[in-house]
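# Summary of the model geometry
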Amino acid sequence: MECERPEIEKQRNDILKLQGEQNVKLRGLEEQMLREISTVKGSILDDDRVVAGMERLMTEGAQVEEQIAKSAEVMAEVERSIGTFEPLSLICKQLFVLLAGMRELDFLYEFTAQSFMSILWTVLKSNTISSSDGGERIPVLKAMLFQEVASRVGRGLKAEDKMVFALLLARIATGQTIIDERHEASSTDEITFLIDQAFGADFPWQGKGLNNLKDVTFKDITSTVPCLVCSAPGHDVSGRVEAMAKSESKELLSIAMGSAEGYKTAETFIATASKRGTWVMLKNCHLCAEWLGDSLVKILQSLNAFAHHDFRIFITSEISPKLPTALLQMSDVIVAESPTGIKASLSRFFSSVSSERFRDNVRNRLYLILGWVHGVIQERLRFMPTGWSEQYEFTEADAIHALDVIDSLVDKACGKRQNLDPEKLPWEAIRATLCKGVFGGRITNDSDQEILDNLVNQVFVPKAFDVDFSLATAEGAPALPEGSSKDELFAWIDSLPSHNPPTWIGLDVSAEIERDKIVAENVVRKCGIVTRALSDD
């Protein structure tokens, strides 16, 4: 009411104040009358002073009661005006309950009353359309509220859960169950269609996150609300923050966390920046989860109103269950899942390889083949259980370790010579180590081991140094570049399509359809989980 009908809110507050004053005055008159009566000696009717006083008090009491009655009538009118916004308050209640229910899906989803009130306040303050009729205002406010909730909450959800949240939002918005566990969703396109049908094609159900980092920084978070960016392992997003700070000419102090020295530096940076109004970024905070809970949360809570209005703090971390709940609750969270596809995997892998490592073209080509194998291994994880029978924990660290293994085997077999003969490379040792140790050490299923063996044995061969050597037997599969200099390798990676067909990773062309159906089924199942949790509550 303070935002929508300030005059009504003022009138309500004035009446509440007046009613309080009148009640106090009425009680005072009653007490005065009792005192007058208690001092009477003999018959009350024989004491003219008391009778006159009682008549005066009764007259004043009647006037006060009349004023109270009139204020009650005005208050009833005010309450009727407030009542026009009750449908919006019901929606707010349903939305907040839904946010609490999302905790059933992932530890990351810690939405507080404070964060919801921030969303609601943004909607009320940003709305410039005015109307004296509250009934006309409800649809406008409702639409804006759903837009803001979707854009802010959606950025803190994983890909599947964005669809889950959007479907449950649609149920609140339409008053109808859009989808339930009895529904057999055939594809994510069907789910997207249902969302678009409920809200329109431009509804921001996927959230406004890293691609809208500027708006998040200047409009959504404050000096006391950190921006916590949680990403998949190996997916470094700190560069996005650094690029934005540079484009906005903002001073950014950044520190990689994980050591005692880093803790002290971080605390100094925060203390300085919070006073000067500059920015701080704490990177790789999954390495110091204990410090986050024991120290950082308390530091941020102590800032309160003392922090400079322009101060901002960014925290980057891998998605980890060790992240303190208190930090998740006080932060505006952006979930940055790594892009899929072999090209994205190759790019992430080579961004972790130091430039000094590209010493000669023979080793460089081995590195590229390794990057391809790692990319295929990672991509097949998306197609569980077709790609791999289990969710093996293959990581970027495995591939980096494989680099060391390859260098060690090559050095042992060929020495430190620069001009290496591809035919004399220790191919058998490389294949055996990758299949049985580096990658194979995580595999527990015989059929999965056979898949890995075939993948490694197919590409780690002397023919890989031939012109137009194909990395897969599928039609249209890429061939290795003719040259193997660092620049040629990176140019070749850039030339790959962002999306690769499943045939490139040894799967049938229908694998994409099957995977999409599995995702759709997961979305429906998760909708059921949240719905049941809300019903239980």
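Shown above is the structure to which this text applies.
Since the structure is predicted, the reported quantities are computational estimates derived from the model, not experimental observations.

The next thing to look at is the pattern of salt bridges. All chains considered together, the criterion is met by 21 salt bridges. Its salt-bridge partner being Arg 152, residue Asp 220 comes within 3.5 Å of it at the nearest N-O pair. Of this pair, Asp 220 sits in helix H8 (residues 213-220) while Arg 152 is found in helix H5 (residues 134-154), placing the two residues 68 residues apart along the sequence. The pair Asp 220 / Arg 152 is uniform in exposure class, with both members buried. Put simply, Asp 411 and Arg 363 hold a salt bridge, and the shortest N to O gap is 2.4 Å.

Each α-helix winds once per 3.6 residues, and so residues spaced three or four apart point in a common direction. Given a rise of 1.5 Å per residue, 14 residues ought to cover 20 Å, and the 20 Å separating the end C-alpha atoms of helix H4 (residues 113-126) matches this to within 8%. Of the residues making up H4, those classed as buried are Phe 116, Ile 119, Leu 120, Val 123 and Leu 124. One side of H4 holds all its buried residues, which, seen down the axis, span an arc of 130 degrees. Along H4, the residues that are exposed and aim more than 90 degrees away from the buried face are Gln 114 and Lys 125.

Time to look at the sheet that holds strand S1 (residues 227-231). Where strands meet in a sheet, backbone hydrogen bonds hold them as pairs that are either parallel or antiparallel. Strand order in this open sheet of five strands is S2-S3-S4-S1-S5, and the pairing throughout is parallel. Whereas interior strands pair on both sides, the edge strands pair on one side only; in this sheet they are strand S2 (252-256) and strand S5 (332-336). Each strand axis lies, on average, 15 degrees off the axis of its neighbour in the sheet, ignoring direction. Here four bridges tie strand S3 (residues 279-283) to strand S4 (residues 312-318), and the two strands are oriented parallel to one another. From the neighbouring strand, Trp 279 faces S4, where its bridge partner is Arg 312.

Let us look at the nonpolar core. If you look at the biggest cluster of nonpolar residues, it comprises 77 residues, and the most contacted ones within it are Leu 145, Leu 169, Leu 282 and Leu 296. Non-local contacts of Leu 145, meaning those with residues more than four positions away in its chain, are made with Leu 88, Ile 91, Cys 92, Leu 95, Ile 119, Leu 120 and Val 123.

The side chains of a regular strand alternate, residue by residue, between the two faces of the sheet. The alternating pattern of S2 places Leu 253 and Ile 255 on a buried face, while none of Leu 252, Ser 254 and Ala 256, on the opposite face, is buried. One ladder, built from five bridges, connects S2 with S3; its direction is parallel. Paired with Ala 256 across the strands is Lys 283, a residue of S3.

Right, let's talk about the environment of Val 405 for a bit. Mapped onto the secondary structure, Val 405 falls in helix H15 (residues 396-414). Judged by its relative accessible area of 14%, Val 405 is buried. Remark: the alpha-carbon pair of Val 405 and Leu 434, spanning 29 residues in sequence, is separated by 8.6 Å. Ignoring sequence-local partners within four residues, the contact set of Val 405 consists of Thr 433 and Val 438.

Here the bond from Met 384 into Pro 385 is cis, since omega is 0 degrees, no more than 30 degrees from zero. Note on placement: Pro 385 falls in the loop between helix H14 (361-381) and H15. The backbone phi angle of Ser 249 is positive, close to 55 degrees, even though this residue is not glycine. At Asn 284, a residue that is not glycine, the phi angle is positive and equals roughly 55 degrees. Counting through the fold element by element, Asn 284 comes out in the loop between S3 and helix H11 (289-303).

Rules and cut-offs
Residues numbered from 1 in each chain as written. Predicted model: local features only at pLDDT ≥ 70, side-chain atom pairs only at ≥ 80, totals over all residues. Heavy atoms only, no water. Salt bridge = Lys/Arg side-chain N within 4 Å of Asp/Glu carboxyl O. Helix = DSSP H or I, 4+ residues; strand = E, 2+ residues; numbered from the N terminus. Buried < 20%, exposed > 50% of the residue type's maximum accessible area, 1.4 Å probe, protein only. Expected span 1.5 Å × (residues − 1). Arc of directions from axis to C-beta. Pairing = 2+ DSSP bridges. Axes fitted to C-alpha atoms, helices over the stretch in contact; angles between N-to-C directions. Core = buried A, V, L, I, M, F, W, Y, C linked by side-chain atoms within 4.5 Å. Contact = heavy atoms within 4.5 Å.

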